[in-house]
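# Observations on the model geometry
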Amino acid sequence: RTHQIPGHRLPLAKYGGRHTVCTLPGDGIGPEMIAHIKNIFSFCHAPINFEEVQVSSSLLDGDMDAALLAIERNGVAIKGNIETKHDDPQFNSRNVELRTKLDLYANILHCVTIPTVPSRHAGIDIVLIRENTEGEYSGLEHETVPGIVESIKIVTREKIERISRMAFEYAKANGRKKVTAVHKANIQKLGDGLFLKVVRDMSEEYKDIKFEAMIVDNASMQLVSKPQQFDVMVMPNLYGNIISNIACGLVGGPGLVSGMNLGDKYAVFETGTRNTGTSLAGKDIANPTAFIRASVDMLRYLGCHYHANIISDALWKALVEQKIHTKDIGGSNSASDVVNATLINIEKLMEENPKK
Ligand code: ATP
């Protein structure tokens, strides 16, 4: 029941008491997962209308513009991952394009141990806050002469300041005790040096929150050996990507954790590790938990707390009490089994606790 979002205003599209959100099913397992979410929302009468926009790696630029316009119009979207072709240097990631064009500067994941899901460590409860728009993801690469490539990492004080502010304000709003800044300032002295300086200077304004800095290599080792020491972690883009994946792996893998992409105007919800899961598509075997949790994050963002709590509790019951587990977490249930158990639990919870 966390995720008080600092400075958050309710989004744009609300008519007749219902919000309209954009769905971007994307590739791989995305379409079937978005179908599950629509089914769950309609079953529990969540006050949400959907505007679906198709996006895939083969989109033309005009189609991408239409997708961006739809998100701008509604303010909120939930998406699957859009496949990125690795072998075509001309092809930039549509996912990155979407985040940068909408200026979704903060990627926030909450990695928390789920009892009954097998993992090496218990008692993990980490919020990961990753800068989502610059650094190594600037997309500025060129081959100056054959065999020599320049990849440009750009960081700016302005963008570091806003991600640091988000981390400290998030910690404050959610009663968190410590913020750890992850960096490599011993090698990237200017770029990561600026990141470290800005976060450290800002920590002076938050005397009740403990601040520490940790080099990314040590942070990776500490995470896999003693993850319980971390509370909120704030990171530049690429380290954030890697550290988030380690943290998701620690609590059970890509099928479990959701991720929010927030800017000042728009919010896009997706899975924490942003996988396409192409080889799982169409087989009803992918774990729907991460997508369902992304939909719960979205409901909370929209202020629909009754429905967010009902879905979240129903899913928790299915996973923890009824142990309905898909293959990735050691079970033999299908995605539909998880969804159907969640629906049955929703029905009971709504009877016990009707909306006032
Ligand atoms: P794939 O062939 O599945 O697309 P990939 O190399 O493109 O694999 P990703 O889509 O990035 O990989 O996924 C990484 C791994 O996580 C894969 O093994 C994938 O099967 C698994 N995975 C991703 N999403 C889920 C999910 N929802 N439930 C279970 N496993 C998942």
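Our structure's up above, just so we're on the same page.
Bear in mind that the values here come from a model prediction, so they are computed numbers and not experimental data.

This part covers the overall build of the protein chain. Across its full length, the protein chain carries 10 helices and 13 strands. Computed over the C-alpha atoms, the radius of gyration of the protein chain is 20 Å, within 12% of the 21 Å expected from 2.2 N^0.38 for a compact globule of 356 residues. By principal-axis analysis of the C-alpha atoms, the protein chain measures approximately 60 × 50 × 40 Å. Taken across its 356 residues, the protein chain has 54% of its residues classed as buried. For the protein chain, restricting intrachain contacts to residue pairs at least 6 apart in sequence, the fraction spanning at least 24 positions comes to 76%. As displayed, the protein chain has an accessible area near 15,800 Å², and 53% of this comes from carbon and sulfur atoms. The positive charge centre, built from 40 side chains, and the negative charge centre, built from 42, are 6 Å apart in the protein chain.

Below, the discussion takes up the site of the ligand. Close contacts around the ligand come from Ile-29, Pro-254, Gly-255, Asn-275, Thr-276, Gly-277, Thr-278, Ser-279, Leu-280, Ala-286, Asn-287 and Asp-328, and that covers them all. Interatomic distance of 2.6 Å between a side-chain N/O atom of Asn-275 and an oxygen atom of the ligand. Gly-277 places a main-chain nitrogen or oxygen 2.6 Å from an oxygen atom of the ligand. For the ligand, whose free accessible area comes to 590 Å², the fraction covered by protein is 60%. For the shell around the ligand, the class distribution of residues is four nonpolar, seven polar and one charged.

Helix length check: helix α8 (residues 289-301) (13 residues) gives 18 Å between terminal C-alpha atoms against 18 Å at 1.5 Å per residue, within 8%. Extensive coverage of α8 is indicated by the burial of 13 of its 13 residues. Downstream of α8 by a residue or two, Gly-303 has a phi angle that is positive, lying close to 80 degrees.

With six of seven residues buried, strand β6 (residues 125-131) is to be regarded as a mostly interior element. Sheet topology places strand β5 (residues 106-112) next to β6; seven bridges connect them, and they run antiparallel. Within the sheet, the bridge partner assigned to His-110 lies in β6 and is Val-127.

Glancing now at the nonpolar core. Formed by 91 residues in total, the largest nonpolar core has its most connected members in Phe-41, Ile-108, Leu-128, Ile-129, Phe-269 and Ile-311. Broken down by element, this core gets its largest block of residues, nine residues, from helix α9 (residues 305-321). Every residue in contact with Leu-128, bar those within four places of it in the chain, is listed here: Asn-107, Ile-108, Leu-109, Cys-111, Met-233, Met-235, Ile-243, Ser-244 and Ala-247. By size, the runner-up hydrophobic cluster in this structure holds 16 residues, among which are Cys-22, Leu-68, Leu-98 and Leu-102.

Cut-offs applied
Residues numbered from 1 in each chain as written. Predicted model: local features only at pLDDT ≥ 70, side-chain atom pairs only at ≥ 80, totals over all residues. Heavy atoms only, no water. Helix = DSSP H or I, 4+ residues; strand = E, 2+ residues; numbered from the N terminus. Rg over C-alpha atoms; globule rule 2.2 N^0.38 Å. Buried < 20%, exposed > 50% of the residue type's maximum accessible area, 1.4 Å probe, protein only. Contact = heavy atoms within 4.5 Å. Areas by Shrake-Rupley, 256 points an atom, 1.4 Å probe, with all protein chains shown as cover. Lys, Arg positive; Asp, Glu negative; His and termini not counted. Charge placed at Lys NZ, Arg CZ, Asp CG, Glu CD. Near = heavy atom within 4 Å. Polar contact = N/O pair within 3.5 Å; in protein donor to acceptor, adjacent residues only side chain to side chain. Nonpolar A, V, L, I, M, F, W, Y, C, P; charged D, E, K, R; others polar. Expected span 1.5 Å × (residues − 1). Pairing = 2+ DSSP bridges. Core = buried A, V, L, I, M, F, W, Y, C linked by side-chain atoms within 4.5 Å.

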